Each structure stands twice: as structure tokens, then as C-alpha cells.
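Topology and contacts: notes
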Amino acid sequence: MRYDLNANAAGLEPGTETGAGPATHAWLGDALPDLPLSKAQSRVVDVIARNPQLSSYADIAEIAQRADVNNSTVVRAAQHLGYRGWPDLQRELRSRYLVMISTEDTLTEHGEHRSPLHDALNHDIENLRLTLDSNTADDAEAAIATMAAAKSIIVLGLGSFAGPASVMAHLGSTMGYPITLENRGAVHLASSANALGPGDVLVVINMWRSMRQIIVTAEAAKQAGAKVVAISDMRRGRLAAVADHLLVVASEGISFFQSVTAANSLVYGLLAGMEAAHPERSRAAIRRTQQLWKDLDIYLD
């Protein structure tokens, strides 16, 4: 990734040093809560707020140098703001920065590839590491327990994010779960979501730009009494606020598009947990599915 250490990427005005609230700017949204900060922490927040590109890609030492603090102060500032540390906060900042710039500008941001294949694989290895660090075992187990107890499950994903949604719905139904995919949006989404209520679960998979249809559907499902499981690259925002269970994934790709590799891996983990929650039912359903494969003569072998 490339960034200009001397550039104010968004042309933002400097903030004050009295707390997170006054120092934040539109690109941050609710990433930094309005909390009282020490003078040193305020300088860290000010550097973040005024330098979107730098904050999204620089290492912790560069942030510390700009703020005239040590590395540990940057870490403590991130934790004070509700994050597990600087990497967790920076992942949130980068997600918001990539929303702020245009799709074409994303290509410039990522620069040229030495080897598209190897760069993509290496970047997804890092995405997987970040995703592993962003979610605890308890986070996953709680989401699994909610889905395992559901009367019905709708998995919602649009565009390229319909990929991991399709995997979850397909394999979940193979295990006998009452689970369906919704990847059409508009009136189809309204009809599907209208049936949600107490005992039901809506799984939302949405990264990069928040889609109004998805957010409004999640809010309506929650209001109707359904549980919402969100898989997102942002720890805060409207989707995170409405979610009963939030699982955070790293989604940045090496080109103009987001990567769903980490989201797919997370889905596989959830599915494994769902199988383990109802092993006898799952295995019976899998056996019936395999028999149908034979009866329908689907596979060559």
C-alpha cells in the first residue's frame, strides 16, 4: 500500500485536542466515540482524524511520531476508544477510508502488482489473520448457538457478498437447517424479510459500502423480534448497532473489489459449529442429501 506522509488525503481541517468528538470528521462516522481523552490521546485522535490515508496504512510507529507520543500511548488510546489495540482500530479506519474514496481511486491506492496471484494470496493470508484476531471463540459460539436454536434462518448477501451467503445457505440446508438465501433485494427482499419474527434469525453479510436495503431490513427484522447475526468489516455503524451478534472480517482486496476470502472462512467455521450443535440431525440430513445425489444422477461418479 502507498501513502503520502506529507499529504492531508481528504483535505480535512485540524481538530481540537479536547476529546474524540470534536476531533473527528465525517469520514470517521462513529468509529471514534465521544470520550474524554488525555492530552496525549487527543493528539493521537487528531492525527487520525486529519490524515485518513496515513491512519489507514501507516504502522504504529509513524502514528506515534506524528502525535509526538510513544507506541504504547497509541495502543492505550485505541483501547480507550473501545478497540483491542491499534491493529483493530486501524482495520476499522481502513474500512471507512476505502468507502470514502472512489472505486477507481482504490486502484491507485493499491498500486501495481508484482504478481497478482501471489499478492492476492498473501493479502488474504493477512485478512485471515486480522479476522482471527478480531473475533473471540465466545463471539462465534454465541452466534452459532443463536442459529442452532432458530426456527428459520434467512441469509442475506447482495452482489459479490452473495458468495459467502450462498455457501452458508446451501451447506446449512444440506445439514437440515431451515435456512434460505436471499440475494435478490428490492421487492423479493421485502417479501422474505416480512415473515421474520421471534425465534427467527437474519444473517447479514455486508462489507465495504453499507447498502440501505440491507440495513433497513436488519432493523426491521430486529424490531419484529428476530435475532440478527452480522458479518461485516466494520465494528461500528448502523448494522453493528442492530446486530445481536457481530463478527468482524477483513475484506480489503488488491484491486478495486473487496475480498470475501475471510468471510467465507468465517462462514465455514460457523457451519462446522452448527453441525456440531445438532450432530444426529445433521448427519441424517446429509445422508438423505447424498441419496438424492444418487437418485438424481447428479455426479459422474
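As shown above, the structure is provided for reference.
Quick caveat, the model's predicted, so the values are computed rather than measured. (Residues numbered from 1 in each chain as written. Predicted model: local features only at pLDDT ≥ 70, side-chain atom pairs only at ≥ 80, totals over all residues. Heavy atoms only, no water.)

**Quick notes on the pattern of salt bridges**
Tallied over the entire structure, the rule returns 14 salt bridges. We note a salt bridge from R129 to D133, for which the minimum N-O separation is 2.9 Å. Pair noted here: R129 and D133 are both in helix α8 (residues 116-134), with a separation of four residues, about one helical turn. Classification of R129 as partly exposed rests on a relative accessible area of 39%. Taking the shortest distance from any N to any O, the salt bridge between D244 and K222 comes out at 3.6 Å. Of this pair, D244 sits in the loop between α13 (238-242) and β5 (245-248) while K222 sits in helix α12 (residues 212-223), and the two are 22 residues apart along the sequence. Its relative accessible area of 28% is what places D244 among the partly exposed residues. Connected through shared salt-bridge partners, D30, D88, R91, E92, R96 and R235 make up one network. (Salt bridge = Lys/Arg side-chain N within 4 Å of Asp/Glu carboxyl O. Helix = DSSP H or I, 4+ residues; strand = E, 2+ residues; numbered from the N terminus. Buried < 20%, exposed > 50% of the residue type's maximum accessible area, 1.4 Å probe, protein only.)

**Looking at the sheet that holds strand β3 (residues 200-206)**
In a beta sheet, neighbouring strands are held together by backbone hydrogen bonds and run either parallel or antiparallel to one another. Reading across the sheet, the five strands line up as β2-β1-β3-β4-β5 and stay open at both edges, with parallel pairing between neighbours. Pairing within the sheet leaves two strands with one partner each, and these edge strands are β2 (179-182) and β5. With strand direction ignored, the average angle separating the axes of adjacent strands in the sheet is 15°. The sheet contact formed by strand β4 (residues 227-232) and β5 spans four bridges and is parallel. The residue bridging S232 from the neighbouring strand is V248, located in β5. Relative to the sheet, α12 contacts β1 (152-156), β3 and β4, its axis offset from that of β3 by approximately 160°. (Pairing = 2+ DSSP bridges. Axes fitted to C-alpha atoms, helices over the stretch in contact; angles between N-to-C directions. Contact = heavy atoms within 4.5 Å.)

**Focus on unusual backbone geometry**
Although it is not a glycine, D68 sits at a positive phi angle of roughly 60°. Counting through the fold element by element, D68 comes out in the loop between α4 (60-67) and α5 (71-80). Here W208, not a glycine, exhibits a phi torsion of approximately 60°, which is positive. Mapped onto the fold, W208 is located in the loop between β3 and α12.

**Structural notes on the nonpolar core**
Considering soluble globular proteins, one finds that nonpolar side chains tend to be buried as a cluster. Residues I153 and V203 are the most contacted members of the largest nonpolar core, which totals 30 residues. Of all elements in the fold, only α9 (137-148), β1, α10 (162-174), β3, β4 and α14 (261-277) reach the threshold of two or more residues within this core. For this core, the element with the most residues is α14, which contributes seven residues. What I153 contacts, discounting residues up to four positions off in sequence, is M147, Y177, P178, I179, T180, V201, V203 and M274. Ranked by size, the runner-up nonpolar core spans 28 residues in total, among them A49, V69, A77 and L89. (Core = buried A, V, L, I, M, F, W, Y, C linked by side-chain atoms within 4.5 Å.)

**Considerations on the side chain of S56**
Within the secondary structure, S56 is located in helix α3 (residues 52-57). You can call S56 buried: its relative accessible area is 0%. Within polar-contact distance, the side chain of S56 engages the backbone oxygen of P52 at 2.7 Å. Sequence-distant contacts of S56, that is, excluding residues within four places in its chain, are made with W27, Q90, L93, R94 and Y97. (Polar contact = N/O pair within 3.5 Å; in protein donor to acceptor, adjacent residues only side chain to side chain.)

**Structural notes on α10**
Residue pairs three or four apart in sequence face the same way in an α-helix, which turns once every 3.6 residues. Taking 1.5 Å of rise per residue, the 13 residues of α10 would be expected to cover 18 Å, and the 18 Å separating its terminal C-alpha atoms lies within 8% of that figure. For α10, the set of buried residues is A162, P164, A165, M168, A169, G172 and T174. Contacts made by the buried residues of α10 are with α9, β1, β2, β3, α14 and α15 (279-295). In the stretch just after α10, G176 is the one whose phi turns positive, near 95°. (Expected span 1.5 Å × (residues − 1).)

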